[in-house]
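Residues per chain, in single letters:
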Amino acid sequence: MRFYVNKSEQLTSEREVHRAGCAWLPDAGNRICLGYYTSRVTVREARRYDSRVDAHCRPESHTR
């Protein structure tokens, strides 16, 4: 599965990782492609971009 990290911070100052096809996947200009990973490895890889990456997208944290 292909994963992306959101360039924008959440209200908690953290960033989320989203998988391709996620309903809350940021627009192309607001995400960085991490590549293809298993979900266990993705957050660790995303932290190479920014240590504030917290976790995978959680639908309950979105309001739209």
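Keep in mind that this is a model prediction, so the values were computed, not measured.

Reading the values: the criteria
Residues numbered from 1 in each chain as written. Predicted model: local features only at pLDDT ≥ 70, side-chain atom pairs only at ≥ 80, totals over all residues. Heavy atoms only, no water. Buried < 20%, exposed > 50% of the residue type's maximum accessible area, 1.4 Å probe, protein only. Helix = DSSP H or I, 4+ residues; strand = E, 2+ residues; numbered from the N terminus. Pairing = 2+ DSSP bridges. Phe/Tyr/Trp six-rings, centres within 6.5 Å; stacked < 30°, edge-to-face > 60°. Lys NZ or Arg CZ within 6 Å of the ring centre and 35° of its normal.

This part covers the pairing of strand 1 (residues 2-6). Of all 5 residues that make up strand 1, 4 are buried, and the element is covered over most of its length. Relative to strand 3 (residues 31-36), strand 1 runs antiparallel, the two sharing 5 bridges. By the bridge assignment, F3 is partnered in strand 3 with G35. As paired elements, strand 1 and strand 2 (residues 15-19) share 3 bridges and run antiparallel to each other. Looking at the pairing, V5 lines up with V17 of strand 2.

The next subject is the packing of aromatic side chains. Per the stated rule, a full pass over the model turns up 0 aromatic pairs. One cation-aromatic arrangement involves R31 over Y4; the distance from NZ or CZ to the ring centre is 4.6 Å.

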